Amino acid sequence: MAGFPIEFSGRIKALPPYLFAAIDEMKQKAIARGVDIINLGIGDPDLPTPAPIIERLKQAAADPKNHQYPSYEGLLSFRQAVAAWYKRRFGVTLDPASEVLTLIGSKEGIGHVPLAFVDPGDLVLIPSPGYPVYPVGASFAGGVPHIMPLLKKNGFLPDLNAIPQDVARRAKLMFVNSPNNPTSVVADKDFFKRLVAFALEHRIIVCHDAAYSEIFYDGRRPPSFLEVEGARDVGIEFHSLSKTFNMTGWRIGFAVGNKQVLAGLVKVKSQLDSGVFQAVQEAGIIALQSDDQLTEGLRKVYQERRDVLVPGLKQLGLEVDLPRAAFYVWIATPKGYTSTSFTAHLLEKAGIVTTPGNGFGEAGEGYIRMTLTTSKERLVEAVERIRNAGL
Ligand SMILES: *Cc1c(COP(=O)(O)O)cnc(C)c1O
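Residues numbered from 1 in each chain as written. Predicted model: local features only at pLDDT ≥ 70, side-chain atom pairs only at ≥ 80, totals over all residues. Heavy atoms only, no water.

Asker: Looking at this structure, I do not really get the sheet that holds strand S12 (residues 355–356). What am I missing?
Answerer: Hydrogen bonds along the backbone pair up the strands of a sheet, which may run parallel or antiparallel. The four strands lie next to each other as S9-S10-S13-S12, forming an open sheet whose pairing is antiparallel. The outermost strands of the open sheet, each flanked by one partner alone, are strand S9 (319–320) and S12. Each of S12 and strand S13 (367–371) touches helix H13 (residues 339–350); the most contacted strand, S13, lies at about 45° to it. (Pairing = 2+ DSSP bridges. Helix = DSSP H or I, 4+ residues; strand = E, 2+ residues; numbered from the N terminus. Contact = heavy atoms within 4.5 Å. Axes fitted to C-alpha atoms, helices over the stretch in contact; angles between N-to-C directions.)

Asker: Is there a simple way to think about the layout of surface pockets in this case?
Answerer: Empty space among the atoms becomes apparent when a probe as large as a water molecule is rolled across them. Here the largest pocket defines a volume of roughly 810 Å³. Along the walls of the largest pocket sit 35 residues, with Gly 41, Ile 42, Gly 43, Tyr 131 and Arg 369 positioned nearest its centre. The leading source of residues in the lining of the largest pocket is helix H2 (residues 21–32), at three residues. Tallied by class, residues from the lining of the largest pocket come to 14 nonpolar, 13 polar and eight charged. When residues are assigned to domains, the lining of the largest pocket turns out to be shared by domain 1 (14–43 + 294–389) and domain 2 (52–288), each giving three or more. Volume-wise, the second largest pocket comes out at about 690 Å³. As for the second largest pocket, its lining consists of 27 residues, and the residues nearest its centre are Pro 16, Pro 132, Pro 135, Gly 359 and Gly 361. Top contributing element to the lining of the second largest pocket by residue count: helix H6 (residues 133–140), with four residues. Looking at the lining of the second largest pocket residue by residue, the class counts come to 19 nonpolar, six polar and two charged. Counting contributing residues, the lining of the second largest pocket receives three or more from each of domain 1 (14–43 + 294–389) and domain 2 (52–288). (1 Å grid on protein atoms, 1.4 Å probe; cavity = no way out; pocket = protein on both sides within 12 Å on 5 of 7 lines; lining within 4 Å. Points joined across faces, edges and corners; volume = space filled by probe spheres on them. Nonpolar A, V, L, I, M, F, W, Y, C, P; charged D, E, K, R; others polar. Domains from an automatic or database assignment.)

Asker: It is not clear to me how the domain arrangement of the protein should be interpreted in this structure. Could you clarify?
Answerer: Reports of interface size often rely on the accessible area that becomes lost once the parts have come together. Along its sequence, the protein is carved into domain 1 (14–43 + 294–389) and domain 2 (52–288). Taking the mean C-alpha position of each, domain 1 and domain 2 sit 27 Å from one another. Contacts between the two partners involve 28 residues from domain 1 and, on the opposite side, 31 residues from domain 2. Approximately 2700 Å² of surface area, both sides summed, lies buried where domain 1 meets domain 2, with 59% of it carried by carbon and sulfur atoms. There are three salt bridges connecting domain 1 and domain 2. Linking Asp 218 and Arg 306 is a salt bridge whose minimum nitrogen-to-oxygen distance equals 3.3 Å. (Buried area = accessible area lost by both parts, 1.4 Å probe. Salt bridge = Lys/Arg side-chain N within 4 Å of Asp/Glu carboxyl O.)

Asker: Where do I start with the packing of aromatic side chains in this structure?
Answerer: What describes a pair of aromatic rings is the distance from one ring centre to the other and the angle between the planes of the rings. Inspection of the entire model under this criterion finds 17 aromatic pairs. Residues Trp 85 and Phe 90 carry aromatic rings whose centres are separated by 5.6 Å and whose planes lie at 85° to one another, so their mutual orientation is edge-to-face. Overall, the relative accessible area of 8% leaves Phe 90 in the buried class. An aromatic cluster is defined as three or more aromatic residues linked by ring pairs; in this entry it consists of Phe 78, Trp 85, Tyr 86, Phe 90 and Phe 254. (Phe/Tyr/Trp six-rings, centres within 6.5 Å; stacked < 30°, edge-to-face > 60°. Buried < 20%, exposed > 50% of the residue type's maximum accessible area, 1.4 Å probe, protein only.)

Asker: Honestly, the packing of helix H5 (residues 106–117) against H6 in this entry has me stumped. Any pointers?
Answerer: Two quantities define a packed helix pair, namely the angle between the helix axes and the distance between the axes. For the pair H5 and H6, the least separation of the axes is 7 Å and the interaxial angle reads 35°. Note that H5 runs across H6; the crossing there is right-handed. Only Val 133, Tyr 134, Gly 137, Ala 138 and Phe 140 of H6 make contact with H5, whose side of the interface consists of Lys 107, Ile 110, Gly 111, Pro 114 and Leu 115. Split into classes, the residues belonging to the contact of H5 with H6 amount to seven nonpolar, two polar and one charged. (Left-handed = near helix turned anticlockwise from the far one by under 90°.)

Asker: What exactly am I supposed to notice about the site of the ligand here?
Answerer: Close to the ligand lie 14 residues, the nearest being Asp 209, Tyr 212, Ser 240, Ser 242 and Lys 243. Within the side chain of Ser 242, an N or O atom sits 2.5 Å from an oxygen atom of the ligand. Lys 243 has a polar side-chain atom sitting 3.3 Å from an oxygen atom of the ligand. About the coverage of the ligand: the protein hides 94% of its 380 Å² of free accessible area. Under a 2 Å grid-point criterion requiring more than half of the atoms, the pocket assigned to the ligand is the largest pocket. Of the residues belonging to the shell around the ligand, the class tally is four nonpolar, six polar and four charged. (Near = heavy atom within 4 Å. Polar contact = N/O pair within 3.5 Å; in protein donor to acceptor, adjacent residues only side chain to side chain. Areas by Shrake-Rupley, 256 points an atom, 1.4 Å probe, with all protein chains shown as cover. Sits in = over half its atoms within 2 Å of the grid points.)

Asker: Which parts of the structure should I look at to understand a nonpolar patch on the surface?
Answerer: The grouping of Phe 8, Ile 12, Leu 15 and Phe 140 at the surface amounts to a nonpolar patch, some 370 Å² of accessible area in total. Topologically, Phe 140 is positioned in helix H6. (Patch = residues over 30% accessible without salt bridge, like charges linked within 9 Å, V, L, I, M, F, W, Y side chains within 5 Å.)

Asker: Any chance you could explain the environment of Met 174 here in plain terms?
Answerer: On the secondary structure map, Met 174 appears in strand S5 (residues 171–177). Judged by its relative accessible area of 1%, Met 174 falls in the buried class. When the C-alpha atoms of Met 174 and Ile 110 are compared, they prove to be 11 Å apart, with 64 residues separating the residues in sequence.

Pasting the structure below:
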């Protein structure tokens, strides 16, 4: 059988180039040489899911009523648990039936939402540096990403005044992300107020990604977008149990907010997936009902790590801010380095894997990202190794 050349679609061919290929190769070579790699490149919690959540899954998995297809929008009991958590955490009242939607992880909802609202040629406003799913989700729907650069001079928040009038007019949807990956910056309510006004004026659907809302430091809880008046009229907020409860492998998240936007998203989902395993939703209820009991300890661990790594990097002369939330450290590359060359330097000379900032979009050039998902001891060692390697 000779077969025929199998060709990828235009949308796959148009995907951005994979910027980590060279770094991956260097990493593999270092491992093959026997280098003891410290991996500060992974955005995935290293600690296990708390035991009560696992216990609930075990019970629920054995119950035959959970073995059939779940509903598209999710168990009402899970959505009620979301609404109750939201009320306690943010003081915002949600109708579980129409203003909460269960997702197979928030990535799923983020990737699918443009299919419901973006037509070919429509503009989608995207923060850069940012989560790569925003531009890819927009492009898969035929949308055209318009980049909002996150610059230091604007506190790494999108500058709404810098968005040209004709772009704002043609934009259908905007992604925003606070606490932010990769910068760890937190938007305050004042920013959200300006965002709601902007979205109302230009009729733009806001999709706010709050995956890191519960990973915060010094007791300063990040606000929800929906705490601001009018937010529910213009958009939705994505949440995830992944980072909050060390559940990245479980695939469960949710979206809350505008009914019409959620209705569009569930229309797409009902054609493509069949919901989240009910036993996982049952376990998710336990997680949400636990409030701070399961998360306070995790935050403490990340804060201890942050307080080792960031002052250590500062002592070495690196330019870095103490994160208020999320588990990322966003570091300006020292003089003479690009994102890529600094990443390569740390790998070759110190055996440390980091992520070049330009991997999150062009506006990330001049920075690298380190993660706090490694033990304190290893972070101490990482600082020591960089000291020895020199900048
Ligand atoms: C990790 C992450 C998510 C979501 O992950 P899920 O596991 O799909 O819920 C969403 N947004 C950002 C910015 C992330 O870093």
